[in-house]
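Close look at the chain arrangement
What follows is each chain in one-letter form.
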Amino acid sequence: MRDRLLQLLTATDSFVSGQEISTKLGISRTAVWKHIEELRKNGYELEAVPRKGYRLTHAPDLASADEIKASLHTEHFGSSIVYKKKVTSTQEVAHELARNEAEEGTVVVAETQYKGKGRMNREWHSPSGTGLWFSLIVRPDIIPQKAPQLTLMTAVAVTEGVMEATGIQAQIKWPNDILIDGKKIAGILTEMQSEPDRVQAIIIGIGLNINQQVEHFPEELLPKATSLALENDGVTYQRAVVISAILKRLEQWYLHYLQHGFKEVRERWESLAVTIGRQIKATTMKETVSGVAEGITEDGVLLLKKQDGTIEYIYSADID
Ligand code: BTN
């Protein structure tokens, strides 16, 4: 009920009459009033004018299930949202849910993680209430070898979702960092539960810096990381609106991928990638290789053309 009421109030900048709310939600005027009071207790500010109705003047920045659902326009992704104040890692919670048959499209979102996981076993800094730390469960009928394609698909969806929600230009850095003006705003970690020849679930973890100000970042991250707010003169965003835009793009690309395969995902990835066509340095576990990034393979492997004209396949590396 609360998310339907929020949907009605956020759909317009003007007043919505008590009668209209009561008719559309099928509840009494007294019930409408009670829900409005409940919203106020949760930090919403509403103007109430006799014979005009209610107008939402301020919404708190929460990434709770109700808030997300109020701005969500998807068919399945986010139909089930598990919202936690504090978790080890949303990946861990989502893995457990997936093992217990959680349906495709389930989203786990937390205000903070105290064991946030990054790629290559790195720690992922997840300060409370500032960014979006969430994991999505999908169950594509694909072989495990194709799972990396979903990481690239996610990078495309996150980049597009961020651009749609904020109007800020974002780009992808191989394999799956999202950058604004060369600094990282988001990272993606995909993990899999599978049988030898069939994926059971893929847990797509997304960490997105949204409202952090300079003081929220550890000093060593500041030169290379940023947040959407920092790129917007310190002005903050509604996290629920940003995650909704991302979930919409994720669902669209996912359905497209299932129906038509990886071709267009790859083309879109390459068009959004800052790495492609550039001279780069790839530092792998063994060595540092320099060359021009030519593109990616079907599996997301980076093709690096070295000075002698040979192509090196880069599976995992840090890129400068
Ligand atoms: C990276 O190293 O760039 C990937 C970072 C992924 C972080 C997200 S935050 C939500 C989810 N839960 C985690 O513990 N990690 C991912």
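What counts, and at which threshold
Residues numbered from 1 in each chain as written. Predicted model: local features only at pLDDT ≥ 70, side-chain atom pairs only at ≥ 80, totals over all residues. Heavy atoms only, no water. UniProt positions renumbered as here; feature names shortened; annotations may be inferred. Helix = DSSP H or I, 4+ residues; strand = E, 2+ residues; numbered from the N terminus. Rg over C-alpha atoms; globule rule 2.2 N^0.38 Å. Buried < 20%, exposed > 50% of the residue type's maximum accessible area, 1.4 Å probe, protein only. Contact = heavy atoms within 4.5 Å. Areas by Shrake-Rupley, 256 points an atom, 1.4 Å probe, with all protein chains shown as cover. Lys, Arg positive; Asp, Glu negative; His and termini not counted. Charge placed at Lys NZ, Arg CZ, Asp CG, Glu CD.

Looking at an unreviewed UniProt entry, the protein chain carries the name Bifunctional ligase/repressor BirA, with the source organism given as Salibacterium salarium. Among the UniProt annotations of the protein chain, the heading Catalytic activity (unreviewed entry) holds the following wording: "biotin + L-lysyl-[protein] + ATP = N(6)-biotinyl-L-lysyl-[protein] + AMP + diphosphate + H(+)".

On to the overall build of the protein chain. Helix and strand content of the protein chain: eight helices and 14 strands. Whereas a compact globule of 320 residues would reach a radius of gyration of roughly 20 Å, the protein chain reaches 21 Å, a difference of no more than 12%. With respect to the principal axes defined by its C-alpha atoms, the protein chain has extents near 75 × 45 × 35 Å. Buried positions account for 50% of the 320 residues belonging to the protein chain. Contacts in the protein chain between residues far apart in sequence, at least 24 positions, make up 61% of those at least 6 positions apart. For the protein chain, the exposed area adds up to about 15,500 Å²; of that, 47% sits on carbon and sulfur atoms. Charge centroids of the protein chain, computed over 37 positive and 43 negative side chains, lie 4 Å from each other.

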